[in-house]
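Below, each chain spelled out in residue letters.
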Amino acid sequence: MDTNNAMNEPIAILSSESLAQALGELRPKLHRYCARMTGSVIDGEDVVQEVLVKAIEAFSEAEPIVNAEGWLFRITHNAALDFLRRRARQDALLAEEALDMTADPVSTSDDRLTVTASLRTFMRLPTSQRSTVILRDVLGYSLGEIGALLDSSLPAVKAALHRGRARLREIATEADERPLPVLADAERARLLDYVSRFNARDFEGLRDLLADDVQLELVSRFRRRGRDVVQNYFGRYRERQDWQLVPGLVEGRSAVIVQDASSRAVLYFVLLAWAGEQVSDIRDFRYARYAMEGAELFVAA
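Since the structure is predicted, the reported quantities are computational estimates derived from the model, not experimental observations. (Residues numbered from 1 in each chain as written. Predicted model: local features only at pLDDT ≥ 70, side-chain atom pairs only at ≥ 80, totals over all residues. Heavy atoms only, no water.)

Here we take up the packing of helix 8 (residues 143-150) against helix 9 (residues 154-172). Orientation of helix 8 relative to helix 9, taken along the N-to-C sense of each, is 105°, at an axis distance of 9 Å. Compared by their axis directions, helix 8 and helix 9 come out roughly perpendicular. Residues Leu143, Ile146 and Gly147 of helix 8 form the contact with helix 9, whose own contacting residues are Leu154, Val157, Lys158 and Leu161. (Axes fitted to C-alpha atoms, helices over the stretch in contact; angles between N-to-C directions. Helix = DSSP H or I, 4+ residues; strand = E, 2+ residues; numbered from the N terminus. Parallel < 35°, antiparallel > 145°, perpendicular 65-115°, else oblique. Contact = heavy atoms within 4.5 Å.)

Below you can see the structure in the form of structure tokens.
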């Protein structure tokens, strides 16, 4: 390798074309962060979509961007904080005291705890601890990178990481006494009807269930509105025979769970909303399967 030539190579500056590519490639990683910050794979996707808009809007006025990932994560972190403030306006975000201490090296048990911790568990950490633990132990950033991303000193990063890991160890010893979620009878009946028609490939019957102003979001692909347009969505499923639907819940919300027709392995989910007996909103995660990681999902037997 010609080291002189390598040293003289120009630094890659983010362009509008490479921005679109970076957003596509980093979207699953951004979602992993947002889902844990908000405690929800669904809310996490909402924040990611907000980040995409903010990044595109900010790009034209930004200084030349060399580190696209760092720039996008700063936008993402701020968007997640904004979301949390909106969701709990009455509660001031906890301010963490920055202590000059050394974070203990991550142990194998710490690593397992972080990887297996539920999104709900992360929500029990103060915001600064939560963001630091996610960036270090879930996404693998160095302490220096975290400090740059969060605009925080190294001692503060170490302190937040130390406290966050310690709190996760405490939570791991506590019993989870939350009852399993259940579908209300009326909601179960609507979902069963929808699922039965889908599994029977009765797409004409499904179109009859759509409200006139039904909204469709094929996450990470497009949005559509209106029965005449949305009804074409079912044709995408007509072309495939390797799926089977069951009613269920995702984070307590009624949903259609899509399984592999042969193995019954869960592939992804579709959120439905109703206006009376008609479907008013469809949010299909077929092309956003990264949202399955950490999702609290239950199949309604």
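Now that the structure has been shown, we can carry on.
Before going further, it helps to spend a moment on the packing of aromatic side chains. If you walk through the whole model with that rule in mind, you get 13 aromatic pairs. The interplanar angle of 85° and the centroid separation of 5.7 Å between the aromatic rings of Phe198 and Phe203 together place this pair among those described as edge-to-face. Accessibility assignment for this pair places Phe198 and Phe203 in one class, buried. Here the aromatic rings of Phe269 and Phe285 are separated by 4.5 Å at their centres, their planes lie at 35°, and the arrangement is tilted. A residue pair is termed long-range when its members are at least 10 positions apart, and Phe269 in strand 5 (residues 266-275) and Phe285 in the loop between strand 6 (278-284) and strand 7 (297-299) qualify at 16 residues. On the accessibility criterion, Phe269 (0% relative accessible area) is buried. An aromatic cluster is built from Tyr194, Phe198, Phe203, Tyr233, Phe234, Tyr237, Trp243 and Trp274, whose rings are joined through pairwise contacts. The ring of Tyr237 carries the charged tip of Arg286 above its face, separated from the ring centre by 5.0 Å. (Phe/Tyr/Trp six-rings, centres within 6.5 Å; stacked < 30°, edge-to-face > 60°. Buried < 20%, exposed > 50% of the residue type's maximum accessible area, 1.4 Å probe, protein only. Lys NZ or Arg CZ within 6 Å of the ring centre and 35° of its normal.)

Before going further, it helps to examine helix 2 (residues 16-38). Taking 1.5 Å of rise per residue, the 23 residues of helix 2 would be expected to cover 33 Å, yet its terminal C-alpha atoms sit only 29 Å apart, more than 12% below that figure. Maximum bend of helix 2: about 50°, positioned at Leu26, with proline Pro28 one to four residues after it. Taken from the residues just after helix 2, Gly39 is the one with a positive phi, measuring 75°. (Expected span 1.5 Å × (residues − 1). Bend = angle between axes of the 7 residues up to and from the residue.)

With that out of the way, let us pick up the sheet that holds strand 7. Pairing is mixed across the open sheet formed by seven strands, whose spatial order is 2-1-6-5-4-3-7. Two strands close off the open sheet at either side, each with one partner strand: strand 2 (222-225) and strand 7. The average undirected angle you get between the axes of adjacent strands in this sheet is 25°. Here strand 1 (residues 210-218) pairs with strand 6 via five bridges, running parallel. If you follow Leu210 over to strand 6, its bridge partner there is Val279. Packing against the sheet, helix 3 (residues 41-59) makes contact with strand 1, strand 2, strand 3 (243-250), strand 4 (253-260), strand 5 and strand 6, and its axis sits at approximately 75° to strand 6. Along the sheet face, helix 10 (residues 185-199) touches strand 3, strand 4, strand 5 and strand 6 and points at about 165° away from the line of strand 3. (Pairing = 2+ DSSP bridges.)

Now for the side chain of Ser280. Relative to the assigned elements, Ser280 resides in strand 6. By relative accessible area, Ser280 is classed as buried at 17%. Leaving out residues up to four positions away in the same chain, Ser280 has contacts with Ala211, Asp213, Val214, Gln215, Ala273, Trp274 and Ala275.

Looking now at helix 10. Between its first and last C-alpha atoms helix 10 spans 21 Å; for 15 residues at 1.5 Å apiece the expected length is 21 Å, and the two agree. Among all positions of helix 10, only Glu187, Arg190, Leu191, Tyr194, Val195 and Phe198 are buried. Projected onto a plane normal to the axis of helix 10, the buried residues spread over an arc of 125° and lie on a single side. Among the residues trailing helix 10, Arg201 stands out with phi positive, at a value near 60°. (Arc of directions from axis to C-beta.)

Under the counting rule described, the total for this entry stands at 25 salt bridges. Residues Asp82 and Lys54 are paired through a salt bridge, measuring 3.3 Å at the closest nitrogen-oxygen approach. Taken together, the residues Asp82 in helix 4 (residues 68-87) and Lys54 in helix 3 connect sequence positions 28 residues apart. Taking the relative accessible area as the measure of exposure, Asp82 reaches 27% and is therefore partly exposed. Among the residues examined, Lys54 registers a relative accessible area of 28% and is labelled partly exposed. Between Arg227 and Asp212 there is a salt bridge whose closest N-O contact spans 3.6 Å. (Salt bridge = Lys/Arg side-chain N within 4 Å of Asp/Glu carboxyl O.)

Running from amino to carboxyl end, helix 2 crosses helix 3 at an angle of 145°, the nearest separation of the two axes being 8 Å. Remark: the crossing between helix 2 and helix 3 carries right-handed chirality. Where helix 2 approaches helix 3, its residues Ser16, Leu19, Leu23, Arg27, Leu30, His31, Cys34, Ala35 and Thr38 are matched on the opposing element by Val41, Asp43, Gly44, Glu45, Val47, Val48, Gln49, Val51, Leu52, Ala55, Ile56 and Phe59. Looking at the contact of helix 2 with helix 3 residue by residue, the class counts come to 13 nonpolar, five polar and three charged. (Left-handed = near helix turned anticlockwise from the far one by under 90°. Nonpolar A, V, L, I, M, F, W, Y, C, P; charged D, E, K, R; others polar.)

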